[in-house]
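Structural overview for review
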Amino acid sequence: MTAPLSGKVALITGAARGQGRSHALRLARDGASIIAVDLCAPVDSVAGYYDLPTPEDLAETVRQVEAAGGRIVATQTDVRDLDELRRVVDAGAAELGGVHVVVANAGIFTFGSRTHEIDPLAWKELMDINVTGVWHTYAAAAPHLLDAGPGGSVIIIASLAGFKGLANVAAYTTTKHAIVGLMKVLANELGPAGIRVNTIHPNSIDTEMVKNVRTYRLFRPDLDEPRAEDAEAAFAGLNPMGKAWIESEHVSNAVAWLASDQSYYVSGGQIPVDGGASVQ
């Protein structure tokens, strides 16, 4: 049986580890070739929250995709640099055969400050990466998507914070609401070309962005160095299904469905992968 994404090329940002690596592996197993990009370098405002991916992480994504039988072109690329992103996407499209699927996954997360006390640098970097970076990703891929014609899919990874107004998470929450607006505009623009655009809204995913001491401390301020098991019950209480951390593969299942023709008429949607947290 033909793989559902055979002959297609997917651009994935933030592909070095976590959700991005999971999406790359799943789409490769479904037959897609992968253009993978990731900054693989520190971001000032994230220091002290969690460690960002390294070049070695991106190399591991390449290894795993190739071990699964997939083709992949991977580069260290900053989504804030539109000219460089265009160059990388153009080169990847030329090598692999176009771009048919875009997974705008790259993003950073900071939290814990009252809105009027947010560090201006943190606000700027979150906007630059989580919002402008998504627009850059689409802008770099758009000529190739349009050339490929009907059946294309743009998938933007949002968050539960794209549904809710999370207290003390203003910058991140603002970015995730902003990309929902972008998605709705693109769904209208690209509909006549037969290209679908949707957002996916995960809750707490089992990645380094969420599973770190600083995040645990939000729920266990009584402990200096809380561990995952110390905060697990609190995280599990955030959704009706009682799941503390959702595995990345479940988000990747939604990505794969939206990338495939099985979701051909699904566009303009906000797809929750959150254990019901958005309605709790």
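Residues numbered from 1 in each chain as written. Predicted model: local features only at pLDDT ≥ 70, side-chain atom pairs only at ≥ 80, totals over all residues. Heavy atoms only, no water.

To keep things clear, this is the line we draw: UniProt positions are given in the numbering used here, feature names are shortened, and annotations may be inferred rather than shown by experiment.
Looking at an unreviewed UniProt entry, the protein chain carries the name Mycofactocin-coupled SDR family oxidoreductase, with the source organism given as Nocardioides imazamoxiresistens. Word for word, the UniProt comment on the protein chain under Sequence similarities (unreviewed entry) is "Belongs to the short-chain dehydrogenases/reductases (SDR) family."

**As for unusual backbone geometry**
Inclusion rule: Secondary structure elements follow DSSP: runs of H or I of four or more residues count as helices, runs of E of two or more count as strands, with numbering from the N terminus. Each residue's exposure class comes from its accessible area (1.4 Å probe, protein chains only) as a fraction of the maximum for that residue type: buried when under 20%, exposed when over 50%, partly exposed otherwise.
Although it is not a glycine, Cys-40 adopts a positive phi angle of roughly 55°. With respect to the element layout, Cys-40 can be found in the loop between β2 (33-38) and α2 (55-67). What makes Cys-40 buried here is its relative accessible area of 7%. Even without glycine at this site, Asn-168 takes up a positive phi of about 65°. Tracing the sequence through the fold places Asn-168 in the loop between β5 (153-157) and α5 (170-190).

**Some thoughts on the packing of helix α1 (residues 18-29) against α2**
Packed helices, taken two at a time, are described by the angle between their axes plus the distance between the axes. Formally: Orientation is described by lines fitted to C-alpha atoms, with helices fitted over the stretch in contact, and by angles between N-to-C directions that extend from 0 to 180 degrees. Just so you know how the angles are binned, under 35 degrees is roughly parallel, over 145 roughly antiparallel, 65 to 115 roughly perpendicular, and the rest oblique. When the near helix sits turned anticlockwise from the far one by under a right angle, the crossing is termed left-handed; a clockwise turn instead gives a right-handed crossing. The contact definition used throughout considers only heavy atoms, calling two residues in contact when any of these lie within 4.5 Å. Under the convention adopted here, Pro, Cys and the residues Ala, Val, Leu, Ile, Met, Phe, Trp and Tyr are nonpolar, Asp, Glu, Lys and Arg are charged, and Gly plus all remaining residues are polar.
Following both chains from N to C, one finds α1 and α2 inclined at 15°, their axes separated by 9 Å at the closest point. Put simply, α1 runs roughly parallel to α2. For the crossing formed where α1 meets α2, the hand is right-handed. From α1, Arg-21, Ala-24, Leu-25 and Ala-28 reach across to α2, where they touch Asp-57, Glu-60, Thr-61, Gln-64 and Val-65. Of the residues belonging to the contact of α1 with α2, the class tally is four nonpolar, two polar and three charged.

**Notes on the side chain of His-136**
With respect to the secondary-structure elements, His-136 resides in helix α4 (residues 120-148). Taking relative accessible area as the criterion, His-136 reaches 7% and is therefore assigned buried. Dropping the residues within four chain positions of it, His-136 is found in contact with Val-79, Arg-80, Asp-81, Leu-82 and Leu-85.

**Some words on the sheet that holds β5**
The strands making up a sheet associate through backbone hydrogen bonding, with each pair oriented either parallel or antiparallel. Keep this limit in mind: In short, DSSP must find at least two bridges between two strands for them to pair.
If you walk across this open sheet you meet the seven strands as β3-β2-β1-β4-β5-β6-β7, and the pairing is parallel. Strands with a single pairing partner mark the edges of an open sheet, and in this sheet they are β3 (72-76) and β7 (270-273). Strand-to-strand twist of the sheet, defined as the mean angle between neighbouring strand axes without regard to direction, takes the value 15°. Across five bridges, β5 lies against strand β6 (residues 196-202) in parallel orientation. Its bridge partner lying in β6, Ile-155 is registered against Asn-198. The sheet strands contacting α4 are β1 (9-13), β4 (101-104) and β5, and the helix crosses β4 at an angle near 175°. Sheet strands in contact with helix α8 (residues 248-259) are β4, β5, β6 and β7, and its direction is about 170° off that of β6.

**A short note on helix α3 (residues 82-96)**
Turn by turn, an α-helix covers 3.6 residues, leaving residues three or four places apart pointing in a common direction. As a reminder, the rule being used: By this rule the span expected of a helix is its residue count minus one, scaled by 1.5 Å. Summarising the geometry, the arc corresponds to the directions from the helix axis toward the C-beta atoms.
Spanning 15 residues, α3 covers 21 Å between terminal C-alpha atoms, matching the ideal 21 Å at 1.5 Å per step. All buried positions along α3 are accounted for by Leu-82, Leu-85, Val-88, Val-89, Gly-92, Ala-93 and Leu-96. For α3, the angular spread of the buried residues around the axis is 130°, confining them to a single face. Opposite the packed face of α3, turned more than 90 degrees from it, sit the exposed residues Asp-83, Ala-94 and Glu-95. Residues of α3 that are buried make contact with β1, β2, β3 and α4. Following α3 by one or two positions, Gly-97 adopts a phi angle in the positive range, close to 110°.

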